[in-house]
Structures are given as structure tokens and as C-alpha cells.
Amino acid sequence: MTGDRDEPRANSEDPNADVQYHLEVGPGDVADAVLLPGNPERVDKVVDCWDEGEEVAHHREYRTATGTYEGTPLSVTSTGIGSPSAAIAVEELARVGANTFIRVGSCGAIDPAVSVGDLIITTGGVRQEGTSDEYVREEYPAVADYEVVSALVAAAERLGYDYHTGLTASTDSFYAGQGRPGFEGFEAAGADELVDTLAAANVVNFEMEASAILTLANVYGLRAGAVCTVYADRHGGEFAVTGESRAAETASLAAHLLARMDEAKRDAGVDRWHAGLSI
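Below you will find a few notes about this structure. (Residues numbered from 1 in each chain as written. Predicted model: local features only at pLDDT ≥ 70, side-chain atom pairs only at ≥ 80, totals over all residues. Heavy atoms only, no water.)

Quick word on the nonpolar core
As a reminder of what qualifies: Among buried residues, the Ala, Val, Leu, Ile, Met, Phe, Trp, Tyr and Cys ones that are joined through side-chain atoms within 4.5 Å form a nonpolar core. Residue exposure (1.4 Å probe, protein chains only): buried if accessible area is under 20% of the type maximum, exposed if over 50%, otherwise partly exposed. Numbered from the N terminus, helices here are DSSP runs of H or I no shorter than four residues, and strands are runs of E no shorter than two. When checking whether two residues touch, look at their non-hydrogen atoms; a contact exists if any pair is within 4.5 Å.
Judged by nonpolar contacts, the single largest core of 55 residues is most densely connected at L35, W50, V76, L93, F101, I102 and V227. It is helix 6 (residues 244-268) that provides the largest number of residues to this core, a total of nine residues. With residues near it in sequence (within four places) discarded, V76 still touches V34, L35, P37, V43, V46, V47, W50, R63, T64 and A65.

Quick word on the packing of helix 3 (residues 146-159) against helix 6
To keep things clear, this is the line we draw: Note on method: axes are straight lines fitted to C-alpha atoms, helices fitted across the in-contact stretch only, with angles between N-to-C directions ranging 0 to 180 degrees. Small angles under 35 degrees read as roughly parallel and large ones over 145 as roughly antiparallel, with 65 to 115 read as roughly perpendicular and the rest as oblique. Note: crossing handedness is left-handed where the near helix turns anticlockwise from the far helix by less than a right angle, and right-handed where it turns clockwise. Under the scheme applied, nonpolar residues are Ala, Val, Leu, Ile, Met, Phe, Trp, Tyr, Cys and Pro; charged residues are Asp, Glu, Lys and Arg; polar residues are all the others, including Gly.
Packing of helix 3 against helix 6 brings their axes to within 8 Å, and their N-to-C directions diverge by 125°. Classified by the interaxial angle, the pair formed by helix 3 and helix 6 is oblique. Helix 3 and helix 6 meet at a crossing whose hand is right-handed. On helix 6, the residues that touch E147, V148, A151, L152, A154, A155, A156, R158 and L159 of helix 3 are E249, T250, A251, L253, A254, L257, L258, R260, M261, D262 and K265. Taken together, the residues of the contact of helix 3 with helix 6 break down into 13 nonpolar, one polar and six charged.

Overview of the packing of helix 2 (residues 83-95) against helix 5 (residues 210-220)
At a minimum axis distance of 9 Å, the contact between helix 2 and helix 5 shows a crossing angle of 35°. Here the hand of the crossing between helix 2 and helix 5 comes out right-handed. Only A212, I213, L216 and Y220 of helix 5 make contact with helix 2, whose side of the interface consists of S83, A86, A87, V90 and E91. Within the contact of helix 2 with helix 5, the residues separate by chemical class into seven nonpolar, one polar and one charged.

Examining helix 2
Using the following cut-off: Multiply 1.5 Å by the residue count of a helix minus one, and that product is the helix's expected span.
With 13 residues, helix 2 extends 18 Å between its outermost C-alpha atoms, agreeing within 8% with the 18 Å of an ideal straight helix rising 1.5 Å per residue. Those residues of helix 2 that are buried are in contact with strand 1 (33-36), strand 3 (62-69), strand 4 (72-77), strand 5 (100-109) and helix 5. Two residues or fewer after helix 2 comes G97, characterised by a positive phi angle close to 115°.

Points about a negative patch on the surface
For clarity, the cut-off: Patch rule: a residue counts if its relative accessible area is over 30% and it has no salt bridge; like charges are joined within 9 Å, and nonpolar side chains (Val, Leu, Ile, Met, Phe, Trp, Tyr) within 5 Å. Note on areas: Shrake-Rupley, 1.4 Å probe, and residue coverage restricted to the protein chains presented here. The term salt bridge refers to a pairing of a side-chain nitrogen on Lys or Arg with a carboxyl oxygen on Asp or Glu at a separation within 4 Å. His residues and chain termini do not enter the charge count, which takes Lys and Arg as positive and Asp and Glu as negative. Charged side chains are reduced to one point each, which is NZ for Lys, CZ for Arg, CG for Asp and CD for Glu.
Side chains of D51, E52, E54 and E70 sit close together on the surface and give a patch of like negative charge. The partly exposed category is assigned to E54, whose relative accessible area is 39%.

Regarding a nonpolar patch on the surface
A cluster of nonpolar side chains, contributed by Y135, V219 and Y220, occupies part of the molecular surface with about 250 Å² of accessible area. With respect to the element layout, Y135 can be found in the loop between strand 6 (119-128) and strand 7 (142-143).

Focus on the pairing of strand 5
Quick reminder of the rule: Any two strands with at least two DSSP bridges between them are considered paired.
Of all ten residues in strand 5, ten are buried, a share of seventy percent or more. Here strand 5 shows two buried faces, one formed by T100, I102, V104, S106 and G108 and the other by F101, R103, G105, C107 and A109. Pairing analysis gives four bridges linking strand 1 to strand 5, with the strands arranged parallel. Among the inter-strand pairings, L35 is bridged to a residue of strand 5, identified as I102. By the bridge criterion, ten bridges tie strand 5 to strand 10 (residues 223-233) in an arrangement that is parallel. Bridge pairing in strand 10 places F101 opposite A224.

Next comes the structure, spelled out in C-alpha cells:
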């Protein structure tokens, strides 16, 4: 990656300011579609999948780069851990023109059919995080945009990666909220049943940001989805940091396919992509 910027730009807490307070991005810095990994170090792994990319901002946990993938403009912004910081990223990226968001992360699988290293493409989220509750009532669904889901599935198919689709539980706690023991073996109430209860309801994985990202996107009329690589098999006990680049490459190709889908919609004079349109 080239073009690292050493000097911070002036910003403001004013949500209408050109340069955003937390991300330090402004109009023209980001593409319409933005990939959202949690770890700032994953920004380089995402950009490695592209034709080219350049860092445009880095402040706190938020690191942003913009470039192209197969000629399609694309950006990536790290969000840090958890829904509160992810919501800030969506808010400020939307304010400078982004309209499509794809979370690119890691997760723990609670579906026994899923293996470590597989991809999980989220179709909807269990809002077990508190951030989205501050935007809208708890009954409001966290639903992935069907165009984004379709593009992610097509991308995973074209790349030949093993993938699954389904519901994702997003939590505020990596430990108690996901049924793991805490310090000195502490167990939260119901922790011993949590994994089995959610798996019985066909929830496929745990992570910490997707449902907030999906909820905010729906509230604001934007597109969002999520693809995560499985690091942990919560039934078999296996854990491995593997296949990091698969989610990044799948999301990048999906963003390119979404751009082509948008072109097909414009050519056909329709507002939504459907199976009758060819890309």
C-alpha cells in the first residue's frame, strides 16, 4: 500500500463537516462501496486483493484505503471491535457518500455443518448487541440487502470457496455474550445453553458487528451485507486463524459484481436487480 498520510486533517464534531470527526475522511476519499473489517491490520490484506489501493486516512481504530478491484472503485475502512465503533464508521462513511457496506470479518460457527475456514454469508442478524437498540425498537429486523447477499454468493461460487448462508448472532461480548467462560471460569446466566439454543433456531455463527451494520443500513436506506471466515468451531472446539484472505477477496469481487448489477439496472430502467437481468 502506498500514499500513507502522516499529517492529520482538521475535523469537527459537526456531522455536516467535510472531514469526519472519527474517521478523518472527507468527500471524494471513499468509493460508493466500502468493505468493513474490524482489525486495522486487515486493511492491507484487503488491499492486497485489489488492482491498486492507497491509504487515505488513519485515526484511532479507523484506517481507510481507496483503490480499484477489476476496475471498480472500492474502499475499505477498519471499524475496531464491536458494534459501537462499527456504527460510527457507517454513520461517517455515509455522510461522505458511501452507500454500500460489506462487513469482512471472522466468526465462530455454531452450525455443526460448518467447518473452520469456511465462509458464512449473513442473510440476517440476531440483534444481541445494544448499539442498534439506540436507533430503532428491538423488534426491527437486521436484514441483509438481497442484492449484496446475491453478489456475495456469486463471488464465493466464482472463487470456489466453501460457503454457507444464514442468520448471524451479533453480540457485545466475545466471552459472556457468546457462551464462553469469563475470568476464573465465570459463567453468565444461560451461557451453558446459549450455543445450542441459537443453533436449534438455525443461527449459524457468532460475531460482533453485523447486526448493527445491517440495521443502520436499513434505517438509512443503504445496502449492507456481511461475509466472515470461520475461525472457531464452537461444537468441535477447533480454532484456527485461517483463510483470512477468502472473505476479503469474496467481498471485493461482490462489490465489483454489485457495480455491474447497478449498470444492468440502469440499462433496463429498473430500480432493483432481479434474476431476469444478466450480469
